[in-house]
Amino acid sequence: MLKRLIAKLLGFALLALRVFPVKKRAVVFRSANGEKYICNPKYITEYILQNCPEEFRIIWLFNSPEKYEGLKERGITVCRSNSLKAIYYLSTAKYIVDNIAPVSYIPYRKSQRVINTWHGGGAYKKGFVDEKDVTKNRLTKQMGSTDYYISSCRVRSELIMNKWGFEEKQILPFGMARNDMFFRPTDEVTSKVKDALKIPQEKGIALYLPTFRHYVNGPDLYAVDCEKVTGALEKRYGKPFVLLHKLHFLIEGRKTILEGEDAVNVNGYEDVQELIAAADVVITDYSSVMWDAAVAKKPCFIFALDLDMYIEKVGFDTPIEEWPFPISQSNDELCKTIETLDMETYQKAVQQHLEALGSYENGTAAKQIAELMLSGK
């Protein structure tokens, strides 16, 4: 009762901010609930900075803004989340761009536009859009203020309209801005990643990106045998490999999950897309990074130690049997799959999969979103 009363009083107080006009060229960005400068909001920002910086005032909200002071030198306003300034910016910016769900306590005006870019492509785990998920009610409420949802594919669009009640006109079939890079050469990105992580340029990279589970996240679920897997990769590709591993941002504060001379914890490297671009091979369990790997034309292997449990607790929108990515439920099986995968057959299956899901990816998502905002729609 008290919380509801406080929320109502806050709502009334925030209405007073409507005396300030909506700034037509102001855009507020937030990613990973204010934790990082990553994902689709980052790549939309980067496109604007490179192509039309004078057209927008860019504001980023961070929980720890002191970590991102360097962005100010690029003309970006950096603001602390939930501060009075943040509330002012959210209440007066023409566009609010978020990759999870917009701040729910702001009474957005009809002239404002909330753009949800989401943070995963394809249509794999049911996650936050299914009744089994423990956060469904909270997230559904937050999604209620969304004006536009950026979709990666036709099947995702259909799911969002069915499960969150969006209208077709709210769905923008642009693809993911963070995947635009995969439609251009990425040699410079690969060199950048290897230099930053002190990996010799001649070494191959396997990137292990397991997903978040709301039911359990013990180390046994991530038990990739680094020595065996890098050995299989070296046998397959004829060069030494390192195995980079990065946890989901909700649990990345944990200690390293893999051990071995060639296992490298890259939780501190924020940009997953750059890691994918640099990788020769991607390994995951049920993370939607498999979609990014498919768009990037990188071999992707599913390492699923808790498959039955995951199906019971979470489930899939696209049955796992229809995925083109080879599935392994043990380290020995994973190594054998790496060594024997027929790449020609695999790539054909991936292309058919992208077509079956109705991929919108074409390398122009950030451009299309910037043009939408320039139009004032």
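It should be emphasised that the depicted structure is a prediction, and the values quoted were computed from it without experimental measurement.

Caption draft 1: Fine view of the environment of Ala93. Summarising the element assignment, Ala93 is placed in strand S4 (residues 93–98). The class for Ala93 is buried, based on a relative accessible area of 1%. Here the alpha-carbon distance between Ala93 and Tyr108, two residues 15 residues apart in the chain, equals 9.5 Å. Discounting chain neighbours no more than four positions away, the residues touching Ala93 are Val22, Lys23, Ala26, Val27, Val28 and Gln112.

Caption draft 2: Geometry of the packing of helix H7 (residues 226–237) against helix H11 (residues 331–340). Close contact between H7 and H11 brings their axes to 8 Å; oriented N to C, the two are set at 10°. When the axes of H7 and H11 are compared, the pair comes out roughly parallel. In the crossing of H7 with H11, the sense of the turn from one axis to the other is right-handed. Facing Lys228, Val229, Ala232, Leu233, Lys235 and Arg236 of H7, the residues of H11 in contact are Asn331, Asp332, Leu334, Cys335, Ile338, Glu339 and Thr340. Its residues assigned to classes, the contact of H7 with H11 comprises 6 nonpolar, 2 polar and 5 charged.

Caption draft 3: Layout of the pattern of salt bridges. By the definition in use, this model includes 16 salt bridges. For Lys163, the salt bridge is made with Asp317, and the minimal N-O distance between the two is 2.9 Å. Of the two residues, Lys163 sits in helix H5 (residues 154–164) while Asp317 sits in the loop between helix H10 (307–313) and strand S13 (327–328), which places them 154 residues apart along the sequence. The class for Lys163 is partly exposed, based on a relative accessible area of 28%.

Caption draft 4: Up close: helix H2 (residues 39–51). Here H2 contains 13 residues, and its C-alpha end-to-end distance of 19 Å stays within 8% of the 18 Å for a straight helix at 1.5 Å per residue. Counting buried positions along H2 gives 10 out of 13 residues, so the element sits mostly inside the fold. Among the residues of H2, those classed as buried are Cys39, Asn40, Pro41, Lys42, Tyr43, Ile44, Thr45, Glu46, Ile48 and Leu49. Where H2 is buried, its residues touch strand S1 (23–30), strand S2 (57–62), S4, helix H8 (272–278) and helix H13 (365–375).

The rules behind these values
- Residues numbered from 1 in each chain as written.
- Predicted model: local features only at pLDDT ≥ 70, side-chain atom pairs only at ≥ 80, totals over all residues.
- Heavy atoms only, no water.
- Helix = DSSP H or I, 4+ residues; strand = E, 2+ residues; numbered from the N terminus.
- Buried < 20%, exposed > 50% of the residue type's maximum accessible area, 1.4 Å probe, protein only.
- Contact = heavy atoms within 4.5 Å.
- Axes fitted to C-alpha atoms, helices over the stretch in contact; angles between N-to-C directions.
- Parallel < 35°, antiparallel > 145°, perpendicular 65-115°, else oblique.
- Left-handed = near helix turned anticlockwise from the far one by under 90°.
- Nonpolar A, V, L, I, M, F, W, Y, C, P; charged D, E, K, R; others polar.
- Salt bridge = Lys/Arg side-chain N within 4 Å of Asp/Glu carboxyl O.
- Expected span 1.5 Å × (residues − 1).

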